[in-house]
Every structure is written in structure tokens, then in C-alpha cells.
Amino acid sequence: MSLGQFIHFVILLNKVPNKETTKEVIKSHVEHLKTLDQQGKLVLSGPFTDFPSGMVVIKAANKIEAETIAQADPFVIEGVRSYEIRTWHLACAENNYLE
């Protein structure tokens, strides 16, 4: 197993104060997620229930590709969310929880 298969990128989408998210922008965001899923890049996504933000976990070749994906999100394009990217190393049974 290669190390790369356990490296993902986390896009943290933070609500921009005083910016309303329309149903149209939400629909466009969902379409963006569906496209990522069809491309095999989406790992998981969803909003937080205790904080006005959400998370998208993706597979990408590198952080530059992850940035490109984040910048293409309609939430970001429309200015209703800002984003941060984190590189995430998945710990699981397949890699012995990083031991």
C-alpha cells in the first residue's frame, strides 16, 4: 500500500458574516459535489451541526489541485463561504492506524 492512498485534503468552508446563501447557490454547490463524486475525488462532505460551516474531504494529487477544487466551489465563487485547506493523513485498519 502506498502512503498516498491515505492522504486526503480537507476543505473547511466557513460562513462569511453578513452574506446570505441562496437556494440557487446551495443547488450549485451540491452539483459541484456531485461532479467531484463522479470524478472519484469526493470522499465525504457535509455541514457541521454546531458551527456555521462545513467540510469537504477530497482526493487530490496535491495541495495545488485541492486549492483549485476549493476555488471552483460555488459557495466560494459567490463569496458566501471562505475556505481553509488541511492535508489529512487517514488512520485506519489498512495502515495499522499509522503505527
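Look up a bit, the structure's there.
Now for a quick tour of the structure. All values reported here derive from a predicted model rather than from experimental measurement. Per chain, residue numbering runs from 1 following the sequence as it is written. With the structure being a predicted model, the display of local features is reserved for residues of pLDDT at least 70 and the display and counting of side-chain atom pairs for 80 or more, all residues being used for whole-chain, interface and lining totals. Side-chain descriptors were evaluated using all non-hydrogen atoms of the structure, hydrogens and water having been removed beforehand.

### Notes on the overall build of the protein chain
Put simply, the test is: Helix and strand labels come from DSSP, where a helix needs a run of H or I of at least four residues and a strand needs a run of E of at least two; each type is numbered from the N terminus. Classification of residues uses two cut-offs on accessible area relative to the type maximum, computed with a 1.4 Å probe and protein chains only: under 20% is buried, over 50% is exposed, and between them is partly exposed. Residues are treated as being in contact if the distance between any of their heavy atoms lies within 4.5 Å. All accessibility values rest on the Shrake-Rupley procedure with a 1.4 Å probe; residue burial counts only the protein chains present in the view.
Broken down by element type, the protein chain carries 3 helices and 4 strands. Put simply, the protein chain runs from its N terminus to its C terminus through helices and strands in the order β-α-β-β-α-α-β. Residues classed as buried in the protein chain amount to 32% of the 99 residues present. Considering only contacts within the protein chain whose residues lie at least 6 apart along the sequence, 69% involve residues at least 24 apart. Looking at the protein chain as shown, the accessible area adds up to about 6500 Å², and 55% of this sits on carbon and sulfur atoms.

### Quick look at the environment of I64
Following the sequence through the fold, I64 ends up in helix α2 (residues 63-71). The exposure class of I64 is exposed, given its relative accessible area of 63%. Along the backbone, I64 and L44 are 20 residues apart, and their C-alpha atoms lie at a distance of 20 Å.

### So, the sheet that holds strand β2 (residues 42-47)
Backbone hydrogen bonds hold the strands of a sheet together, and the pairing may be parallel or antiparallel. Using the following cut-off: Note on pairing: DSSP must find at least two bridges between two strands before they are called paired. Orientation is described by lines fitted to C-alpha atoms, with helices fitted over the stretch in contact, and by angles between N-to-C directions that extend from 0 to 180 degrees.
With antiparallel pairing, the 4 strands of this open sheet are ordered in space as β2-β3-β1-β4. Each edge of the open sheet carries a strand with a single partner, namely β2 and β4 (81-89). The average angle at which neighbouring strand axes cross in this sheet is 15°, direction not considered. Pairing analysis gives 6 bridges linking strand β1 (residues 7-15) to strand β3 (residues 53-58), with the strands arranged antiparallel. Each residue of the ladder has a partner; that of N14, found in β3, is S53. The strands touched by helix α1 (residues 23-38) within the sheet are β1, β2 and β3, with β2 carrying the most contacts at an inclination of about 160°. Across the sheet, α2 lies against β1, β3 and β4, angled at about 150° from β4, the strand it touches most.

By themselves, these observations are geometric and do not establish any function.
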